[in-house]
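Structural description and commentary
Listed below are the residues making up each chain.
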Amino acid sequence: MLKYFLARLLTFLPTFVGVTLISFSFIRLLPGDPIIVMAGERGMSEERYNALMQEFGFDQPILVQYWDYLLGVVQGDLGQSFVTKRPVWDEFFALFPATLELSICAMIFAVMLGLPAGVIAAVNRGKLPDRLFMSIALVGYSMPIFWWALLLIIVFSGNLGMTPVSGRIDLLYYFDSTTGFMLIDSLLSGQEGAFRSAVRHLILPVIVLGTIPLAVIARQTRSAMLEVLSEDYIRTARAKGLTPARVNGIHALRNALIPVITVIGLMVGTLLAGAILTETIFSWPGIGKWMVDSIFRRDYPVVQGGLMLIAVMVMIVNLTVDVLYGFINPKIRKR
Amino acid sequence: MPLLEIRNLTVEFATASGPFRAVDGADIVVESGDILAIVGESGSGKSVMMMAMMGLLPWTATVTSDVMRFDGQDLADLSTRERRRLMGKDIAMIFQEPMSSLNPCFNVGYQIKEALRQHLGLDRKERHNRAIELLEQVGIPSPEKRLNVFPHQLSGGMNQRVMIAMAIACSPRLLIADEPTTALDVTIQAQVLDLLTGLQRDTGMAMILITHDMGVVAETAERVSVQYAGQKVEEQPVTDLFATPHHPYTFALLAALPERATEKHLPTIKGVVPGQFDRPSGCLFSPRCTFADETCKSTPPAVQPASLGYARCHYPISAKTEETA
Ligand SMILES: Nc1ncnc2c1ncn2[C@@H]1O[C@H](COP(=O)(O)OP(=O)(O)O)[C@@H](O)[C@H]1O
Ligand SMILES: [Mg+2]
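Since the model is a prediction, treat every value here as computed from it, not as a measurement. (Residues numbered from 1 in each chain as written. Chains lettered and ligands numbered in written order. Predicted model: local features only at pLDDT ≥ 70, side-chain atom pairs only at ≥ 80, totals over all residues. Heavy atoms only, no water.)

Some points on the overall build of chain B
For clarity, the cut-off: Strands are runs of DSSP state E lasting at least 2 residues, helices are runs of H or I lasting at least 4, and numbering of each runs from the N terminus. The globule rule is 2.2 Å times the number of residues to the power 0.38, and the radius of gyration it is compared with is taken over C-alpha atoms. Contacts between residues were defined by any pair of non-hydrogen atoms, one from each residue, lying within 4.5 Å. The method behind every accessible area is Shrake-Rupley, applied with a 1.4 Å probe, and residues are considered shielded solely by the protein chains displayed. Charged residues are defined here as Lys and Arg on the positive side and Asp and Glu on the negative side; His and the ends of the chain fall outside this count. Lys charges are placed at NZ, Arg charges at CZ, Asp charges at CG and Glu charges at CD.
If you tally the helices and strands in chain B, you get 13 helices and 11 strands. Against the 2.2 N^0.38 benchmark of 20 Å for 325 residues, chain B shows a C-alpha radius of gyration of 21 Å, consistent with a compact globule. By principal-axis analysis of the C-alpha atoms, chain B measures approximately 65 × 45 × 40 Å. Across chain B, the fraction of contacts at a sequence separation of at least 24, relative to all contacts at a separation of at least 6, is 64%. On chain B, roughly 14500 Å² of surface is accessible, and the fraction owed to carbon and sulfur atoms is 52%. Charged side chains of chain B number 30 positive and 38 negative; the gap between the two group centres comes to 6 Å.

Shown next as structure tokens:
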């Protein structure tokens, strides 16, 4: 198992180098000069401009800039934001819990609804529940996030006034962040109604972000279940006189989970991409919104550092999924 | 009263290209403690017949029968819940492919104990002890350790032993073994057959042994039913069947046994079991039968009396005609 883990870790090395390269070049390929953007409407003198060029190292050849960046990354130094002058690293981890909270809740939402929907659809193949769930999944999958979010906002916030449209909690409440997770912090604060408010703020963003994963999980679960249900060991389980709940929910689902877990792992990237849009729509103060703002400001260190950290997160999740995979599938564990 | 009595069982599959009759008026009667062998080439509907009885067929199958009774209970009348209470307890089944018949995600102990919990309501400790006892009974060495092993870590023969342990876990009164040795190596085949007959003798359970191998039949069964294209074509006690087969199909199956071969090459029956599209209108065996004439090709034969092995044939072979033949 350890050997397997290390081997997987090694394969991440080239990916990692690629990620630094892409994150470095992406922002530089966008038109616009960060110093001009920084100067804003006031403009800037020639000397000041040149001094800043030198300070940020933009006068160096591009390869030297990349090399400096790479050296920094290896030492855990991602530079500091042009705008706030704070280390990228600190800013990222101050905002990351908000994104993590949103993403985890969206994933839980997607799994809790997607798995049962997929199982029920597969067991009732071709019948009404199957058709209904799969049609809904198709619609959910094809729905543009922006449009879907606006629709939900109009109905639930506008017409029904049930949910707030921005932020993580009502301004009414104020407490220090201990864990960075609003659900936990609001509980810890002991303030009445704080937790409820946090939950209500989460509902719409979670639905918006979780819809595509929900659809993917439901469809993947269904197809994995269909494959598994025709296996010999399912016949054995039924011949043993087990209840359908046990046959489908334990014998079949356990095997069907193997491909589903892989898909869930692969979807973390999609989820983070979706988080950027969702956070922007709902003014959710996470790294997605931070990244978008930084791109508009041409804040090079933030964009390249943020992109890289996001990519590393995705890689870590994929590695975790690989390990999890081994636990679920005994055949892999032994190799 | 027989333990299991099935009369005129018919199974029809709805397929994309129309209905297909996989079992066509088959009868099965098994007395308590009896071993019945069902022989026939692959594709004759042997597995489908057993699955129909167990209620394991997909929804595309339509099962009809005049009588389907186990121990006096009408199986067709049972609710699915009542039927589940019977399956795996009083009637157990083992299958052809031991490697794929066990769930790869659960260890052997879990899968055996699961049957014990479902039907006997034993507590944890009792289940554990009983599982060890069962593995011992089917001849698996160091059973306590084997409980934690996954199916892919065992050989086919060992997996089949696990399947057998699981099947006899709740002391069934009828064990259905569907080609239990077909997927195994020749040396292992004999061991597993010995195990099955030994268990049958010790526990007194009845057994239906399904096979396409006449050689297996000779060593194990008491009565033999020969099945062809979904129909029972002959049934006799095993010694009588080997001595005087009445149906030409049985005759041909026996002639194909290695020890009976008179020439260098094994005689085989030319052709294959008719499928969905080439079902003859007369006797189903007529296209492959060396004795068939126009009557055979046009008219389905009636069933002959017991003295002629219930042979479904216009011209059953009797001892006399065999001499002249
Ligand atoms: N689910 C099914 N749908 C359609 N046809 C089937 C199905 N299962 C089995 N059959 C057909 O029924 C016939 C008998 O199959 P089977 O009982 O497995 O034969 P045997 O066990 O005697 O080798 C075969 O022609 C097979 O193709
Ligand atoms: Mg078969």
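Some thoughts on the confidence of the model for chain A
Stated precisely, the cut-off is as follows: The predictor rates its confidence in each residue with pLDDT, a number between 0 and 100.
Taken residue by residue, chain A gives an average pLDDT of 88. The fraction at 70 or more is 99%. Within chain A, the lowest mean pLDDT, 68, falls on helix α14 (residues 330-333) of chain A, and the highest, 96, falls on helix α10 (residues 232-239) of chain A.

Here we look at the site of ligand 1
All names here are of chain B. Note the cut-off: For each residue, the test is whether any non-hydrogen atom lies within 4 Å of the molecule or strand; if one does, the residue is near. Any pair of N or O atoms that falls within 3.5 Å is considered a polar contact. Within protein, one atom must be able to donate a hydrogen and the other to accept it, and sequence-neighbouring residues count only if both atoms are side-chain atoms. Note that Gly is not counted as nonpolar here; it falls among the polar residues with everything else outside the nonpolar set of Ala, Val, Leu, Ile, Met, Phe, Trp, Tyr, Cys and Pro and the charged set of Asp, Glu, Lys and Arg.
All residues adjacent to ligand 1 are F13, F20, A22, E41, S42, G43, S44, G45, K46, S47, V48 and P58. Note that an oxygen atom of ligand 1 is positioned 2.7 Å from one of the backbone N or O atoms of G43. One of the backbone nitrogen or oxygen atoms of K46 is found 2.9 Å away from an oxygen atom of ligand 1. The protein chains hide 65% of the 570 Å² of surface that ligand 1 would expose on its own. Those elements giving two or more residues to the shell around ligand 1 turn out to be β2 (18-30) and α1 (46-54). Examining the composition of the shell around ligand 1, we find that three residues originate from one element, α1, more than from any other. A breakdown of the residues in the shell around ligand 1 according to their chemical character gives five nonpolar, five polar and two charged.

A closer look at unusual backbone geometry
Residues and elements named next belong to chain B. Note the following rule: The buried label applies to any residue whose accessible area, calculated with a 1.4 Å probe on protein chains only, is under 20% of its type's maximum; exposed applies above 50%, and partly exposed to all values in between.
With phi around 45°, E179 is a residue other than glycine that occupies positive phi space. The class of E179 is buried, set by a relative accessible area of 6%. Its identity as a non-glycine residue notwithstanding, Y310 has a phi of 50°, on the positive side. By the element assignment, Y310 lies in the loop between α12 (294-298) and α13 (319-324).

Thoughts on the interface of chain B and chain A
Counted only if it meets this: In this description, buried area is defined as the sum, over both parts, of the accessible area (probe of 1.4 Å) that is lost when the two are combined. We count a salt bridge whenever a side-chain nitrogen from Lys or Arg sits within 4 Å of a carboxyl oxygen from Asp or Glu.
Tallying the contact residues gives 29 residues for chain B and 21 residues for chain A. With both sides pooled, the region where chain B packs onto chain A buries about 2300 Å², and carbon together with sulfur makes up 58% of that total. Our count for the chain B to chain A interface comes out at two salt bridges. Close ionic contact of E114(B) with K240(A) constitutes a salt bridge, the shortest N to O distance being 2.9 Å. Of all elements in the fold, only α1, α3 (98-101), α4 (108-120) and α7 (156-167) of chain B reach the threshold of two or more residues within the side of chain B that touches chain A. At seven residues, α4(B) tops the list of elements feeding residues into the side of chain B that touches chain A. Grouping the constituent residues of the side of chain B that touches chain A by class yields 15 nonpolar, 10 polar and four charged.

Some thoughts on the sheet that holds strand β9 (residues 206-211) of chain B
Neighbouring strands of a sheet are bound in pairs by backbone hydrogen bonds; such pairs are parallel or else antiparallel. Residues and elements named next belong to chain B. So the rule is basically this: Strands qualify as paired when DSSP identifies two bridges or more between them. What counts as an axis is a line fitted to C-alpha atoms, over the stretch in contact for a helix, and the angles between N-to-C directions run from 0 to 180 degrees.
Here we have six strands laid out as an open sheet, ordered β7-β8-β9-β3-β10-β11, and mixed in their pairing. Of all strands in the sheet, those with a lone pairing partner are β7 (91-94) and β11 (231-237), marking the two edges. Direction aside, neighbouring strands of the sheet carry axes that sit 15° apart on average. Here strand β3 (residues 35-39) runs beside β9; their pairing, made up of five bridges, is parallel. Counterpart to I35 in the pairing with β9 is M207. Contacting β7 and β8 (174-178), α7 runs over the sheet at an angle of about 175° to β7. Contacting β3, β7, β8 and β9, helix α8 (residues 186-203) runs over the sheet at an angle of about 160° to β9.

What to know about the UniProt feature "domain: ABC transmembrane type-1" (unreviewed entry) in chain A
Worth spelling out the cut-off: UniProt positions are given in the numbering used here, feature names are shortened, and annotations may be inferred rather than shown by experiment.
Taking the UniProt record as the reference, the feature "domain: ABC transmembrane type-1" (unreviewed entry) is found at residues 96-325 of chain A. Helix makes up 80% of residues 96-325 of chain A and strand makes up 0%, while its end C-alpha atoms are separated by 26 Å.

Details of the side chain of T220(B)
One can find T220(B) in helix α9 (residues 214-220). For T220(B), the side chain forms a polar contact with the main-chain oxygen of V216(B), separated by 2.8 Å.

With respect to the pattern of salt bridges
Overall, the coordinates contain 20 salt bridges over all chains when judged by the stated rule. For D293(A), the salt bridge identified is with K289(A), shortest N-O distance 3.5 Å. Of the two residues, D293(A) and K289(A) both sit in helix α12 (residues 287-296), four residues apart, roughly one turn of that helix. Take D293(A): its relative accessible area is 27%, and that puts it in the partly exposed class. The residue E179(B) makes a salt bridge to K46(B) at a minimum N-O spacing of 3.6 Å. Remark: K46(B) occurs in helix α1 and E179(B) occurs in the loop between β8 and α8; sequence separation between them is 133 residues. Taken as a pair, E179(B) and K46(B) share a single burial class, namely buried. Counted as one network, the salt bridges with shared partners bring together E12(B), R21(B), D24(B) and R279(B).

Thoughts on the UniProt feature "domain: ABC transporter" (unreviewed entry) in chain B
Those places that UniProt annotates as "domain: ABC transporter" (unreviewed entry) correspond, in this numbering, to residues 6-254 of chain B. Between the end C-alpha atoms of residues 6-254 of chain B there is a gap of 26 Å, over a span that is 41% helix and 27% strand.

With respect to the pairing of strand β10 (residues 223-228) of chain B
All names here are of chain B. Burial of β10 is extensive: six of the six residues sit out of reach of the surface. In this structure, β3 lies alongside β10, joined through four bridges in parallel fashion. Each bridged residue has a counterpart across the sheet, and for I38 the counterpart in β10 is S225. Sheet topology places β10 next to β11; six bridges connect them, and they run antiparallel.

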